[in-house]
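Observations on the model geometry
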Amino acid sequence: MQHLVGQIQAAADYLRQRWSKTPLVGVILGTGLGNFTREIKVEVTIPYGEVPHFPHSTALGHKGQFVCGTIDGTPVITMEGRFHAYEGYALEQVTLPVRVMKELGIKLLIISNASGGMNPNYASGDIMVIDDHIHLMGGISPLMGVNDDRLGPRFPDMCRPYDPELIEAALEIARRENFAAHRGVYIALMGPNYETRAEYRWLRKLGDVVGMSTVPETIAAVHAGLRVMALSTVTNVAKPDSLDKASGEEVITAAKSAEPKLTKIVRGIIALEAKKS
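Given the structure is predicted, the values throughout are model-derived calculations rather than measurements. (Residues numbered from 1 in each chain as written. Predicted model: local features only at pLDDT ≥ 70, side-chain atom pairs only at ≥ 80, totals over all residues. Heavy atoms only, no water.)

1. Some thoughts on the overall build of the protein chain
Per the secondary structure count, the protein chain includes seven helices and nine strands. Relative to its length of 277 residues, the protein chain is compact, with a C-alpha radius of gyration of 18 Å against a globular reference of 19 Å. Expressed as lengths along the three principal axes of its C-alpha atoms, the size of the protein chain is roughly 55 × 40 × 35 Å. Scored against the burial criterion, the 277 residues of the protein chain give a buried share of 57%. A total of about 11,800 Å² of accessible surface is found on the protein chain, and carbon and sulfur atoms cover 50% of it. (Helix = DSSP H or I, 4+ residues; strand = E, 2+ residues; numbered from the N terminus. Rg over C-alpha atoms; globule rule 2.2 N^0.38 Å. Buried < 20%, exposed > 50% of the residue type's maximum accessible area, 1.4 Å probe, protein only. Areas by Shrake-Rupley, 256 points an atom, 1.4 Å probe, with all protein chains shown as cover.)

The structure is reproduced here in structure tokens:
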């Protein structure tokens, strides 16, 4: 990790040259959720390929760029697409953008993703506010290696990685807007293959939804001292005994249908954060 400080600084310096504001909130948009950027008064768009030390996003439906601007006057920096371990990147590369956004000044990180719903009470298009997670991505961590105390502590506490106050606020927004939002556990697997019937049966005993992202970014954010809120859009319902084939295109279509609900929660949380600052 000790080589990361220079990479973080170089990337942050480049972004500051392109956009001079200090963002309060960073947002990571997952598969099929890129239209949230329509809510932003965009001031500059920066492709990842232009940012020093950044990898290239290859995931389906991910544009691969920063969108910088304001929402109701609050400066935000949004990742339109993310990186995944299944793309062949080390987790320190996957989480580099989180550390760069922290260097730019964010206090809160909002993460979204598309997931497979395993809880029988969930339906496609539902939103789940992540209360906790289970890390099953092959025993690797973005914090592996010699720790750099400038980035965070050697052994960060993970008893509450997702901010309890913001979890309650997100659920209240959903109630007020009259749509379903659940509170549950997200399980992260490496991917990119979807799960077998036997794996779904096992995973249903452990958590509520399953996906291939979010947990590395959350670990890095907690290590960096950021508050985190994460939202998972249920894009398909996993029924092990009547399992249908899943495709990336279907996931994107389902995620887009849920975007208005996710957008209302994210905008509401950003407004709450702005009142505190």
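Back to the text.
2. Considerations on the nonpolar core
In terms of nonpolar packing, the biggest core is built from 77 residues, with Phe54, Phe66, Val100, Ile110, Ile265 and Ile269 touching the most fellow members. Top element by residues in this core is helix H4 (residues 164–177). It accounts for seven residues. Among the nonpolar cores identified, the runner-up in size contains seven residues, and Ile187, Tyr200, Leu203 and Val210 belong to it. (Core = buried A, V, L, I, M, F, W, Y, C linked by side-chain atoms within 4.5 Å.)

3. Details of the side chain of Thr70
Turning to its location among the elements, Thr70 is positioned in strand S3 (residues 65–71). With a relative accessible area of 8%, Thr70 lands in the buried category. For Thr70, the residues in contact, after removing those within four places along its chain, are Lys21, Glu39, Ile40, Lys41, Glu43, Pro75 and Val76. (Contact = heavy atoms within 4.5 Å.)

4. Details of the environment of Leu151
Along the chain, Leu151 falls in the loop between strand S6 (127–136) and H4. Between the alpha carbons of Leu151 and Leu24 there is a distance of 19 Å; along the sequence they are 127 residues apart.

5. Examining the packing of helix H1 (residues 4–18) against helix H3 (residues 96–104)
Packed helix pairs are specified by the crossing angle of their axes together with the interaxial distance, meaning the distance between the axes. Close contact between H1 and H3 brings their axes to 9 Å; oriented N to C, the two are set at 60°. Regarding the angle of H1 to H3, the classification is oblique. Once H1 is placed against H3, the crossing between them reads as right-handed. For the pair formed by H1 and H3, the contact residues are Leu4, Gln7, Ile8, Gln9, Ala11, Ala12, Leu15 and Arg16 on the first element and Leu96, Arg99, Val100, Glu103 and Leu104 on the second. (Axes fitted to C-alpha atoms, helices over the stretch in contact; angles between N-to-C directions. Parallel < 35°, antiparallel > 145°, perpendicular 65-115°, else oblique. Left-handed = near helix turned anticlockwise from the far one by under 90°.)

6. Brief notes about the pattern of salt bridges
With the rule as written, the count across this model stands at 15 salt bridges. The partner of Glu168 in a salt bridge is Arg183, with the nearest N and O atoms 2.6 Å apart. Pair noted here: Glu168 is in helix H4 and Arg183 is in strand S7 (residues 181–189), with a separation of 15 residues, a long-range link. Its relative accessible area of 39% is what places Glu168 among the partly exposed residues. (Salt bridge = Lys/Arg side-chain N within 4 Å of Asp/Glu carboxyl O.)

7. Focus: the packing of aromatic side chains
Throughout the structure, instances matching the rule amount to six aromatic pairs. Geometrically, the ring pair formed by Tyr48 and Phe54 is tilted, given 5.9 Å between the ring centres and 45° between the ring planes. Of the two residues, Tyr48 and Phe54, neither departs from the other in class, the shared state being buried. On the basis of an interplanar angle of 80° and a centroid distance of 5.3 Å, the ring pair of Tyr48 and Phe66 is categorised as edge-to-face. With a gap of 18 residues between them, Tyr48 in the loop between strand S2 (41–47) and S3 and Phe66 in strand S3 connect regions that are remote in the sequence. (Phe/Tyr/Trp six-rings, centres within 6.5 Å; stacked < 30°, edge-to-face > 60°.)

8. Some details on unusual backbone geometry
With an omega of 5°, the peptide bond between Gly191 and Pro192 qualifies as cis. The residue Pro192 is located in the loop between S7 and helix H5 (197–203) in this model. Look at His53: it is not a glycine, yet its phi comes out positive at around 70°. Positive phi, normally seen in glycine, also occurs at Asp72, with a value near 50°. With respect to the secondary-structure elements, Asp72 resides in the loop between S3 and strand S4 (74–80). For Asp72, a relative accessible area of 63% corresponds to the exposed category.

9. With respect to the environment of His223
Within the element layout of this structure, His223 appears in helix H6 (residues 215–223). Residue classification places His223 among the buried positions, given a relative accessible area of 2%. Along the chain, His223 and Leu151 lie 72 residues apart, while their C-alpha atoms are 7.2 Å from each other. One polar contact links His223 to Arg99, side chain to side chain, over a distance of 3.2 Å. (Polar contact = N/O pair within 3.5 Å; in protein donor to acceptor, adjacent residues only side chain to side chain.)

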